[in-house]
Amino acid sequence: MGSTTGRKFSDIQSDVYDVVIVGGGVSGLTLAAALKASPYTSALKVALIEGMSLAPATKWDPSPDQLSNRVSSITPASQAFLQKIGVWDYVYPERVRQYDDMRVWDGVSGARIQFDSFQLDAAGAPMAYMTENLNLQQALLESLAEAPGDNQVKIFDSTKVEQITNSTDQLDDVDLSSWPAVKLSNGSTLRARLLIGADGVNSPVRSYAGIESRGWDYGQHGLVATLTMEWDDRQDIAWQRFLPTGPIALLPMPGGKASLVWSTTPKLAAHLKSLDPKAFCTLVNAAFRLELADLNYLYTRSDPEEIEAEFEWRDGMLPMEDEGAKFPVRVVEVQENTRASFPLRMRHCDSYVAPRVALVGDAAHTTHPLAGQGLNLGQGDVASLMSVIERAVVRGADIGDEVVLQEYWAERYPANHVMLGVVDKLQKLYCTDSKPVVALRSAGLEVVASMDWIKKLIMKQATGI
Amino acid sequence: MLGTIKHSSSRLCQTTLRLTSRSHSTASSSAFSPDELAHFNALASSWWDANGPSRLLHKMNPLRTSFIFDTIDAYALPSKTRLSGLKMLDVGCGGGILTEALARNPRVESVTGLDMSEQVLEIAKKHKRQDPKLVMEQKLDYKLCSLFDLPVPEAAAEGKDEQRYDVVTMFEVLEHVPDPSALLETATKLVRPGGWIFASTVNRTAAAYLTTIFVGEDLLRMVPKGTHSWSKYINEKELREWFIEHKTSVPGTGEHWDVVTSKGCIYIPFVGWEFCGPRDLGNYFLAARRLS
Amino acid sequence: MRPLLNNTRAIRHIRSYTYKTEPSKYPGHVPTNCLQKLFLAAGSGIYSFFNPRRGDLIATLGEATALPPLMYRLRDVMLSDPTGRRILRERPRITSKTLDIAALRKYPANTVGKVYSEWLDLEGVSPDTRAPVRYIDDAECAYVMQRYRECHDFYHAITGLPIIIEGEIALKMFEFANTLIPMTGIGAVLAPLRLKPKQRERLRTIYFPWAIKNGATAKPLINVYWEEVLDRDVQELRDELGIEKPPDLRQLRKLKISHL
């Protein structure tokens, strides 16, 4: 065969890992924490790479009245998993708010439906938990730091991945040519038995694996903001109104605050971001309460006093008893610098795996935020991949073996495909004000609203219970 | 039927002896026919292709490892059976799918894989090099030889047990050799008291023909054509009786075996191999334990 | 037998259409359900066909056929315009009390106010002849209907169409194209059945084309704050709204011209 190079495995051993996770977001960190929490996999050598600094999470010391605008809705299934791997104990509970009631209605016809998690008979489990992503990240990082010191996850933050190729090491005793080699901006190159792509929608790991991602852009932007409500009605309700330009959702947060997720046209999103804060709050209130004709008129105005006056007039005509029942309590303030927007799209990969590669979270799929499922699909991926890796370790398989990884894809792909499909169809159904479609969808909604068993089925799917 | 096979194979192996000119063809009945050898050699390069002709073998592996360790844990003979530090021998290891999995198990101290096919064993050795853990831990070893070529300690004398094995595995081997009885006989001599022989093969039934050859090879082509020949299949009852009636060739040594468990298994498309179905119908696994 | 009839689900369902009563939402409001509206529409439609002078019945027909989607549509037209919104908020009424007709007569020639008062005198009508809205179940939509009725005379004034039946029909078609109120469409289509062929021809060749073209392209007249434009030049207002003055109907009738 070839001549010997004199280099042996022991020369590069310190850069060789069982699992290399690219991406320090919630999905990547959860997988790392899960690997360390399981007795079967805790002996694996794991590295995690994140391009940004993780200091905002590790040094997080937020004040009680300031909430980050990057928040997530966590289903009971995801929370149970985080509990199981010991991470939930590190989450700051005072910065978590659960909701168990969800009120959704058609912005054109007014057809309504209400979901109540009490109907699930699931021992008081809520519909979902709302918390800041930073809260989760700091809990995950703390859980990783608490693991036994001799085999902790090696975290490379503020380190970018410059290139991923197959390993070109020429060693005498070991052949690593089938192993991915990840070249970092700090000069070192990590070799991975199993490379995990938890690196978001433009995943470099996915490109390396040659996996195609299919989907489309929605032509909408998701506008988020942290809002203060007029008072905390302690009702723990999540509100969503489907406007023809996109759904607007208000999710309760601790301390009488709420998180806004408003999917709308890019033009409107830009306009809303530039509005005076008081005018912005009025428009949010209007978006939940007023008729579409009023809302469309208000979009064209920018003087805060004028907007306020118009809103007060129309709001005054609404029945008092609807307040807190048909639409949320008023928003009075928007936290500074929390108005931000991002483009909305749907993406799904053909495959989540390749030899020695697995994708989790946004690297594998992206969905519209209208169903609050984005982060939870990623958590489901992590839970499934963990179970597959555990089984592989127990039976002595190579965790990077394609036959092993295919079990993960086979478990997650169908469920994710269905969820992505349903959310996509809902988005298309509600983003029109064409009369026949509105009539049909409203009739359909009212039928579903009157049937408890269908509602229970929907809630079971959405909460993962 | 096993007895019949033995007789007919003696005629057969005289034929093969005349034909074979390989330097290391054994003196006793040849362990492998040239046809079988050629068949597996041709599959060598695709052995480790997860989506290739050997995919079903890969999918069967989890069942094999769980069968081995679950049986050891459930039926261990107290003070005789070792639960860890196991010394294992895999007969007909092929490309090493099972052998590697055993070597990675922390309860295993060493694994030796035997195969008669040079090309396939090359693939096995090459694949072993791809895993640093296997290379550095040095628990895994491959030998190009037949079981008959291994040195057999003669009696259960003091210290000879160290040359014996805790576990001998013969998965999907018995239906490929001309003299399964001789193979089993040799295997029994290599097992320590409290040790095991794990085997899997196929029942010689019409149903097995239907599933493994007609559907598996001809129709769906999930198994390479020519892998199996129905006349060589062995019924579970025959194999079981062989162990129970087995007596060592050395009189008075009191070597006894019992069959602790056997399970039927079936391949479900899109799911994988599962233990289900009667043990005397199609594929099956069998575990035999040496009592003394 | 009676108890059986009382309890079947079908009966209860039908009853809900007939017995449902809502509270009154504005002064003069008479709440009605679907079935009652159907009867009102049928009755007033048949009677006013034979007796078009019964303004109150035509009003009833208009209210009974004003399906909510179309009324809300007209209201939304007002809500989309700053002036329209002001009108909805301030809810001005046009009556002989709120408008000083005597003063309007003294306005300069060709102002909206002057033309309006001239037209009122020519036709011999006053703003008070409009029936109040009773059968529309939303207070705001009821006001919209009321406003539309009260502005009707201004539409006559700005278009110059006379109060005779031909003029009314032409204006109805114009209003239908501009507001989509069903009653205006029904009137414009059914009423010509009682006309002479020459009159029908005049409508068909001259006035309906004018009405449809101008009604559809002009700005919604419901958004004009008439009380504020009384001193403006009529032609200027027409240009701003995008209305062409149609041929003088009285002249054409005198000259017995049925097409141009």
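What counts and what doesn't
- Residues numbered from 1 in each chain as written.
- Chains lettered and ligands numbered in written order.
- Predicted model: local features only at pLDDT ≥ 70, side-chain atom pairs only at ≥ 80, totals over all residues.
- UniProt positions renumbered as here; feature names shortened; annotations may be inferred.
- Helix = DSSP H or I, 4+ residues; strand = E, 2+ residues; numbered from the N terminus.
- Buried ≥ 20, exposed ≤ 12 C-beta atoms within 10 Å, placed from the backbone.
- Contact = placed C-beta atoms within 7 Å.
- Nonpolar A, V, L, I, M, F, W, Y, C, P; charged D, E, K, R; others polar.
- Pairing = 2+ DSSP bridges.
- Axes fitted to C-alpha atoms, helices over the stretch in contact; angles between N-to-C directions.
- Domains from an automatic or database assignment.
- Left-handed = near helix turned anticlockwise from the far one by under 90°.
- Core = buried A, V, L, I, M, F, W, Y, C linked by C-beta atoms within 7 Å.

As named in an unreviewed UniProt entry, chain C is 4-hydroxy-3-methoxy-5-polyprenylbenzoate decarboxylase, taken from Myxozyma melibiosi. Under the UniProt heading Function (unreviewed entry), the entry covering chain C gives this text: "Lyase that catalyzes the C1-decarboxylation of 4-hydroxy-3-methoxy-5-(all-trans-polyprenyl)benzoic acid into 2-methoxy-6-(all-trans-polyprenyl)phenol during ubiquinone biosynthesis." Quoted verbatim from the Subunit (unreviewed entry) field of the UniProt record, the comment on chain C reads "Component of a multi-subunit COQ enzyme complex, composed of at least COQ3, COQ4, COQ5, COQ6, COQ7 and COQ9."

Going by an unreviewed UniProt entry, chain A carries the name Ubiquinone biosynthesis monooxygenase COQ6, mitochondrial and comes from Myxozyma melibiosi. Its UniProt record gives chain A a comment under Subunit (unreviewed entry), which states: "Component of a multi-subunit COQ enzyme complex, composed of at least COQ3, COQ4, COQ5, COQ6, COQ7 and COQ9." We quote the UniProt Cofactor (unreviewed entry) comment for chain A here in full: "FAD".

Turning our attention to the overall build of chain C. Helices and strands together make up the secondary structure of chain C, namely 14 helices and zero strands. Overall, chain C shows an N-to-C arrangement of helices and strands of α-α-α-α-α-α-α-α-α-α-α-α-α-α. Based on the C-alpha atoms only, the size of chain C along its principal axes is roughly 75 × 45 × 30 Å. Taking all 260 residues of chain C together, the buried fraction comes to 35%. Within chain C, residue pairs in contact and separated by at least 24 positions form 69% of the contacts whose partners lie at least 6 positions apart.

On the side of chain B, 16 residues touch chain A, which itself brings 13 residues to the contact. Class assignment of the residues belonging to the side of chain A that touches chain B gives a composition of five nonpolar, two polar and six charged.

Here we come to the UniProt feature "binding site: Zn(2+)" (unreviewed entry) in chain C. Residue and element names in this part refer to chain C. In this numbering, the UniProt entry assigns the feature "binding site: Zn(2+)" (unreviewed entry) to His152, Asp153, His156 and Glu168. Spanning 17 residues, the named residues form one tight spatial group whose C-alpha atoms are at most 10.5 Å apart. Its location among the elements puts His156 in helix H9 (residues 139-159). With near-sequence residues (within four places) excluded, His156 lies in contact with Trp119, Leu161, Ile163 and Leu171. Mapped onto the elements, Glu168 comes out in helix H10 (residues 165-179).

As annotated in UniProt, the feature "domain: FAD-binding" (unreviewed entry) corresponds to residues 17-415 of chain A in the numbering used here. End C-alpha atoms of residues 17-415 of chain A are separated by 31 Å, and the span's content is 30% helix alongside 30% strand.

Turning our attention to the sheet that holds strand S7 (residues 128-132) of chain A. All names here are of chain A. Within the open sheet, the three strands sit side by side as S3-S7-S4. Their pairing is antiparallel. At either end of the open sheet lies a strand with only one pairing partner, and these are strand S3 (71-74) and strand S4 (96-99). When strand polarity is set aside, the average angle formed by the axes of neighbouring strands in this sheet is 25°. Strand direction decides the pairing type here: S3 and S7, joined by four bridges, are antiparallel. Directly across from Val71, in S7, lies its bridge partner Glu132.

Time to look at the domain arrangement of chain A. All names here are of chain A. The domains assigned to chain A are domain 1 (9-93 + 133-212 + 350-426) and domain 2 (97-130 + 218-342 + 430-463). Using C-alpha coordinates to define each centre, domain 1 is positioned 33 Å away from domain 2. Across the boundary between the two partners, domain 1 contributes 18 residues, which contact 24 residues of domain 2. Where the side of domain 1 that touches domain 2 is concerned, the elements lending two or more residues are S3 and helix H4 (76-84).

What follows deals with the packing of H10(C) against helix H11 (residues 182-190) of chain C. Residues and elements named next belong to chain C. Contact geometry of H10 with H11 gives a least axis separation of 8 Å together with a crossing angle of 145°. Considering only the axes of H10 and H11, their crossing is left-handed. Contacts between H10 and H11 involve Ile169, Lys172, Met173, Glu175, Phe176 and Thr179 on the former and, on the latter, Thr184, Gly185, Gly187 and Ala188. Its residues assigned to classes, the contact of H10 with H11 shows four nonpolar, four polar and two charged.

Among the nonpolar cores identified, the biggest contains 248 residues, and Val20(A), Ile21(A), Leu31(A), Ala32(A), Ile196(A), Ala358(A) and Val360(A) are the most heavily contacted of them. A total of 10 residues in this core trace back to one element, the largest contributor, which is H9(C). Two domains each put at least three residues into this core: domain 1 (9-93 + 133-212 + 350-426) and domain 2 (97-130 + 218-342 + 430-463) of chain A. Setting aside its immediate chain neighbours within four residues, Ile196(A) contacts Val19(A), Val20(A), Ile21(A), Val22(A), Gly28(A), Leu31(A), Ala358(A) and Val360(A). Listed in part, the five residues of the second largest apolar core include Leu370(A), Leu420(A), Val423(A) and Ala462(A).

Further remarks concern helix H4 (residues 97-104) of chain B. The element H4(B) is largely enclosed, with a buried count of eight among its eight residues. Looking only at H4(B), the buried set comprises Ile97(B), Leu98(B), Thr99(B), Glu100(B), Ala101(B), Leu102(B), Ala103(B) and Arg104(B).

Okay, the environment of Met136(B) next. The residue Met136(B) is located in helix H6 (residues 132-137) in this model. Taking the C-alpha atoms as reference points, Met136(B) and Val223(B), 87 residues apart in sequence, are found 34 Å from one another.

Interchain contacts are distributed over two pairs of chains, and the most extensive set of them lies between chains A and B. Separated without contact, chain B and chain C have their nearest C-alpha atoms at a distance of 51 Å.

We now examine the sheet that holds strand S1 (residues 86-91) of chain B. All names here are of chain B. Spatially, the eight strands line up as an open sheet ordered S3-S2-S1-S4-S5-S8-S6-S7, and their pairing is mixed. For this open sheet the edge positions go to strand S3 (140-144) and strand S7 (272-275), each flanked by a neighbour on one side alone. Here the average twist between neighbouring strands, direction ignored, is 20°. Two elements, strand S5 (residues 191-202) and strand S8 (residues 283-290), share seven bridges in a ladder whose sense is antiparallel. What sits directly across from Ile197, in S8, is Ala288.

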